[in-house]
Amino acid sequence: MSDAAVSTHGHDHAQQGSLGHFVRTYVFSLDHKVIGIQFLFSTLLWLIVGGLLALGVRWQLAWPWSNMPGVGPTVFPAEGGQISPEFYTMLVTMHASVMIFFVIIPILAGAFGNFLIPLMIGADDMAFPTLNMLSYWFMWPAFIVMICSFFTAGGAAAAGWTGYPPLSGHPAAAPGSAMGQTFWLIGLIFVGISSMMGSVNYMTTIIQMRAPGMTMFRLPMTIWGMFITAVLQAFALPVLTAALFMQLLDRVAMTGFFLPEGLIVNNAPPVSGGGQVLLWQHLFWFYSHPAVYIMILPAMGMVSDIISCFARKPLFGYKPMVYSISGIAGLGFIVWGHHMFMSGMNPALGMTFMVSTMMIALPSAIKTFNWLGTLWGGRIQFTTPMLFSLAFVSMFIIGGLSGIFMAATPVDVHIHDTYFIVGHIHYVLFAGTAMAVFGAIYFWFPKMFGRTMNETLGKVHFFLTFIFLNGTFYPMHILGAGGFPRRYADPYHFELFAHMKGLNQFMSICAIAMGLTQLIFFGNFIVSMFFGPKCGRNPWHANSLEWFAPSPPGHGNFDAQPIVYRAPYEYGSPLTDKDYYPQWEPPKNPEAEGESHGH
């Protein structure tokens with residue numbers, strides 16, 4: 001880009017900034033970075049809410065029917081400070097709903113997707129800034145109705161995060177099936193629309209707005225993860241959103257999509273029927289299995305970038321990793337039936353779902369071996385982001401291996417609805433994705449705020465979290481192998497499970513300690529925002545394009561048009577005297593590099 005063009009480019013943004021009102025700049029902002037940080041703050045607040053709900057679940061499983069210290073008499077005065085069975089199912093439902101729809105998905109796609117995509121591809125903003133702003137503000141109706149649902153008659157939704165009818169479809173089925181369930185459906189519809197807005201924006205931006213020289217195979221893995229995730233959201237989310245509308249109509253307009261004919265629940269008047277409960281399961285899982293990859297593919301991409309940076313080595317097998325995440329996404333669309341083995345299906349169809357599910361282990365294994373190959377022989381720097389990334393790889397292996405058990409129909413029949421499933425999903429999503437998210441926050445914090453987080457506190461946060469998460473989630477596999485059921489407020493009512501109470505108490509103590517450990521993170525995060533050491537553009541000596549921009553980047557991101565000359569993983573290159581070779585740095589010897597200024 002010529003100097004004149006750069007000047008015009010900067011002038012346009014300066015003019016926009018001068019016209020911007022404070023509200024327009026920091027509240028209804030069109031800047032992708034502000035929107036990303038809005039998503040980050042919102043999701044971190046919901047992480048606290050989801051965590052407290054989880055501690056409520058753990059309290060009940062460890063010390064059932066005992067007064068909850070501190071909050072019990074205030075929250076449960078009618079029960080003498082104890083959690084009621086109805087409230088327990090609500091805790092389970094809302095913990096999962098909050099963590100999946102308000103924390104994991106929006107922090108990956110909303111926060112990091114928004115902040116990083118334009119910066120890492122060399123664009124000044126998203127393709128559709130107004131649509132981008134709307135994608136954040138469409139989350140707020142969801143936030144509000146979900147909070148309000150706790151105060152409705154019967155309380156918030158309690159039919160599980162899967163929302164299976166008829167429990168979720170009939171208002172008289174259970175206390176949480178009343179208005180709270182309606183609010184849950186409305187909230188998820190808004191979340192779905194928000195995500196679809198974001199996915200269209202991400203795909204268009206990545207395809208159309210890359211900097212000169214930034215070919216698709218020069219994109220960092222973070223961007224590949226975001227791109228594949230956007231494709232998944234664009235094709236899978238409309239199915240769930242339609243299903244949510246259908247269930248909402250069943251409840252408020254007396255349609256009959258999911259409720260069977262003549263269904264009478266709790267002596268309530270019959271509702272219009274003629275529907276199929278299994279139809280909901282098919283539609284729900286057609287989205288929600290790809291959603292598992294929506295919740296981990298961006299994390300895989302971010303971890304790949306962090307590992308390569310701190311191993312000071314090129315990413316091993318870049319193209320196979322791209323093909324692997326594409327393969328995972330493709331297979332993700334044809335395996336939803338493995339969630340429904342217990343619902344009954346033709347054995348031949350079950351075999352098809354079983355085999356296709358097991359095939360996902362192949363691209364997943366390629367990624368794992370490539371991370372190990374990247375580490376092998378590297379000059380590893382054990383920074384806080386690197387420690388969290390290494391934890392992601394090791395925990396993902398455990399979560400992935402336990403998933404193979406569920407893919408096998410004969411095994412799944414026995415472990416379905418046991419704590420083995422709970423252990424698996426938490427190893428993938430908390431021990432996996434959440435570790436990657438923590439690593440990503442420590443890694444890109446300098447770019448977001450121009451300051452670095454405290455490394456010592458970061459490492460204390462990592463080691464305590466790593467110890468306590470394994471103390472919390474690993475025993476779940478042992479409980480599950482023994483048949484310990486999910487969603488029971490008091491499993492010890494059955495003598496069979498009475499001996500498992502001690503293990504549950506150990507897990508709950510670890511969970512409480514893990515929750516308290518996060519205070520270190522939040523304290524470090526907030527204090528570092530204002531008082532952390534200031535950093536330059538590239539404190540980690542990394543290669544990808546976002547480190548070319550100032551820290552934090554101004555409006556328009558770059559003070560000059562970036563031009564990309566090479567892939568983002570040129571660490572230890574013999575073509576330069578440094579151990580890193582940024583994408584934006586012109587070739588020192590164009591003939592040796594076989595380059596012509598990135599074209």
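Here, every reference points to the structure presented above.
The following paragraphs examine the structure supplied in this document. Nothing here was measured: the structure is a model prediction, and the numbers come from that model. (Residues numbered from 1 in each chain as written. Predicted model: local features only at pLDDT ≥ 70, side-chain atom pairs only at ≥ 80, totals over all residues. Heavy atoms only, no water.)

Side note on the pattern of salt bridges
Under the criterion given, the structure shown has nine salt bridges. In this structure, aspartate 579 engages arginine 312 in a salt bridge whose closest nitrogen and oxygen atoms are separated by 2.9 Å. Taken together, the residues span a long stretch of sequence, with aspartate 579 in the loop between α19 (501–531) and α20 (590–593) and arginine 312 in the loop between α11 (297–311) and α12 (318–332) at a distance of 267 residues. The class for arginine 312 is buried, based on a relative accessible area of 5%. Ionic pairing is found between arginine 486 and aspartate 417, a salt bridge with its closest N-O pair at 3.8 Å. In this pair, arginine 486 is assigned in the loop between α18 (455–481) and α19 and aspartate 417 in the loop between α16 (409–415) and α17 (419–449), connecting sequence segments 69 residues apart. Several salt bridges converge on common partners, so that one network encompasses Arg312, Arg379 and Asp579. (Salt bridge = Lys/Arg side-chain N within 4 Å of Asp/Glu carboxyl O. Helix = DSSP H or I, 4+ residues; strand = E, 2+ residues; numbered from the N terminus. Buried < 20%, exposed > 50% of the residue type's maximum accessible area, 1.4 Å probe, protein only.)

Let's talk about a nonpolar patch on the surface
Where nonpolar side chains cluster on the molecular surface, the patch consists of Phe22, Val23, Tyr26 and Phe28 and spans about 400 Å² of accessible area. For phenylalanine 28, the location among the structural elements is in the loop between α2 (22–27) and α3 (32–62). You can call phenylalanine 28 partly exposed: its relative accessible area is 36%. (Patch = residues over 30% accessible without salt bridge, like charges linked within 9 Å, V, L, I, M, F, W, Y side chains within 5 Å. Areas by Shrake-Rupley, 256 points an atom, 1.4 Å probe, with all protein chains shown as cover.)

A few points about unusual backbone geometry
In this structure, proline 166 follows proline 165 across a cis peptide bond, with omega equal to 10 degrees. With respect to the element layout, proline 166 can be found in the loop between α7 (139–149) and α8 (179–208). Of note, the bond from serine 551 into proline 552 is cis; its omega dihedral lies within 30 degrees of zero at -5 degrees. Relative to the elements of secondary structure, proline 552 occurs in the loop between α19 and α20.

Considering empty space enclosed by the protein
Per the stated rule, a full pass over the model turns up three cavities of 30 Å³ or more. The space that makes up the largest cavity amounts to roughly 120 Å³. Sorting the residues of the lining of the largest cavity by element identifies α5 (85–121) and α8 as the ones contributing at least two each. Examining the composition of the lining of the largest cavity, we find that six residues originate from one element, α5, more than from any other. Along the lines of polarity and charge, the residues of the lining of the largest cavity split into eight nonpolar, seven polar and no charged. (1 Å grid on protein atoms, 1.4 Å probe; cavity = no way out; pocket = protein on both sides within 12 Å on 5 of 7 lines; lining within 4 Å. Points joined across faces, edges and corners; volume = space filled by probe spheres on them. Nonpolar A, V, L, I, M, F, W, Y, C, P; charged D, E, K, R; others polar.)

Side note on the packing of aromatic side chains
One pass over the structure, following the stated rule, counts 60 aromatic pairs. With a centroid separation of 5.6 Å and an interplanar angle of 75 degrees, the aromatic rings of phenylalanine 286 and tryptophan 336 are classed as edge-to-face. Of this pair, phenylalanine 286 sits in helix α10 (residues 277–294) while tryptophan 336 sits in the loop between α12 and α13 (347–359); the two residues are 50 residues apart in sequence, bridging distant segments of the chain. Three or more aromatic residues link up through ring pairs in this structure, and these residues are Phe41, Phe388, Phe438, Tyr442, Phe445, Phe449, Phe462, Phe463, Phe466, Phe521, Phe522 and Phe525. Geometry around tyrosine 492 places lysine 501 over its ring, the cationic atom sitting 5.8 Å from the centre. The aromatic ring of tyrosine 581 is capped on one face by arginine 566, whose charged end is 3.6 Å from the ring centroid. (Phe/Tyr/Trp six-rings, centres within 6.5 Å; stacked < 30°, edge-to-face > 60°. Lys NZ or Arg CZ within 6 Å of the ring centre and 35° of its normal.)

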